[in-house]
Amino acid sequence: MVSNIIKRIQELKKARNAVILSHNYQRGEVQDIADFKGDSLELAQQATKTKADVIVFCGVHFMAETASILNPQKKVLLPDAGAGCPMADMITAEQLRQKKKELPGVTVVTYVNSTAEVKSESDYCCTSANGVKVVNAIKDKEILFVPDQYLGDYIIKKTGKSMHLWPGYCPTHVNILPEDIERRKKEFPNAKVVVHPECRPEVIALADEALSTSGMVRYAAREDVKELIVGTEIEIVHRLTKENPGKKFIPASNKAICPDMKKITLEKILASLETLAPEVKVPEAIRVKALLPVERMLEIV
Ligand code: 13P
Ligand code: SF4
């Protein structure tokens, strides 16, 4: 029974001195048992603050790796070792090294949705919440942004800076099409529209705001927002609905589902607290190199 699983998770969490972090795209029942919910930036910040010995990361692999980069002394668990991010896998460290050779002296800004090894070849990391600020803070002339071409394009438009873009993309967010937004706007003419900056530029152009997932959480709480069309992974609607009774949240597309985020279940969280596995640990040689760009990401908020 679910209530027994939840009870056991709570008991083991205490016994292990563990904290459960959940990304805003996790299944509703996972969000509901988490100690902290957030976007990539907030979860990384939380991972630096926690006094727990064990971090149960309910998200995808790169997020658990970031927690491990920041906390080499803590045990970071990812309840399903196969929960990855296809966009993060669209660039390898070897491909990045090659690109840097082609563009000598280039400054590399890497979206946090990337492997630890790619981060270790980077100058700065950023998330969707602070990408514009990070790029604005860089005085260097030539910038390479990897791996998300759409977040990169959004940052170019916001900062007016030119950047080389790697052709990566999120397979979940590209499922949201301009016609989805147009249709929803016709159905809900009074609704505001927020989308994630991983969306296609034609989709972003139709929105009131492009925001990180926690940016959307804050936007939804605004008094003037009663109905909101939400252009991102559909599970965020669970949190928005729970935190804003009486308001209406409409997913822009029911096709915006991240299968990797759905791999984490209550049963797997319980199993990982019982066995203290699967653990995500970044090899020390990579970790020390990846730490600087990640720390820069946390400084510029
Ligand atoms: P946020 O940092 O906005 O939560 O986004 C993470 C992510 O993976 C979006 O697809
Ligand atoms: Fe990666 Fe997209 Fe899933 Fe986010 S929604 S974890 S970018 S595949």
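Heads up: the structure comes first, above all this text.
Small disclaimer: the values here were computed from a predicted structure and weren't measured.

Reading guide: rules and limits
Residues numbered from 1 in each chain as written. Chains lettered and ligands numbered in written order. Predicted model: local features only at pLDDT ≥ 70, side-chain atom pairs only at ≥ 80, totals over all residues. Heavy atoms only, no water. Pairing = 2+ DSSP bridges. Helix = DSSP H or I, 4+ residues; strand = E, 2+ residues; numbered from the N terminus. Axes fitted to C-alpha atoms, helices over the stretch in contact; angles between N-to-C directions. Contact = heavy atoms within 4.5 Å. Salt bridge = Lys/Arg side-chain N within 4 Å of Asp/Glu carboxyl O. Buried < 20%, exposed > 50% of the residue type's maximum accessible area, 1.4 Å probe, protein only.

Comments concerning the sheet that holds strand β2 (residues 36-38)
Step number 1: The strand order across the open sheet formed by four strands is β2-β1-β3-β4, and the pairing between neighbours is parallel. Here the strands that pair on one side only, and so sit at the sheet edges, are β2 and β4 (75-77). Neighbour-to-neighbour, the strand axes of the sheet open up by a mean angle of 20°, direction not taken into account.
Step number 2: Along the sheet face, helix α3 (residues 40-49) touches β1 (18-23), β2 and β3 (54-58) and points at about 145° away from the line of β2.

A word on the sheet that holds strand β5 (residues 107-111)
Step number 1: Spatial strand order, β6-β5-β7-β8: four strands in an open sheet with parallel pairing. Every other strand in the sheet has two partners, leaving β6 (124-126) and β8 (164-165) as the edge strands with one partner each.
Step number 2: Sheet topology note: the β5/strand β7 (residues 143-146) ladder contains four bridges and is parallel. Bridge pairing in β7 places T107 opposite I143.

Describing the pattern of salt bridges
Step number 1: Under the counting rule described, the total for this entry stands at 21 salt bridges.
Step number 2: Its salt-bridge partner being R183, residue D180 comes within 3.3 Å of it at the nearest N-O pair. Taken together, the positions of D180 and R183, both in helix α9 (residues 178-187) and three residues apart, correspond to about one turn of that helix.
Step number 3: Judged by its relative accessible area of 40%, R183 is partly exposed.
Step number 4: Measuring nitrogen to oxygen at the nearest pair gives 2.6 Å for the salt bridge that ties E233 to K262. In this pair, E233 is assigned in the loop between β11 (227-231) and α12 (236-243) and K262 in the loop between β12 (248-251) and α13 (266-275), connecting sequence segments 29 residues apart.
Step number 5: By relative accessible area, E233 is classed as buried at 0%.
Step number 6: The class of K262 is buried, set by a relative accessible area of 14%.
Step number 7: Linked through salt bridges whose partners overlap, the residues forming this network are E94, R97, K100, E121 and K289.

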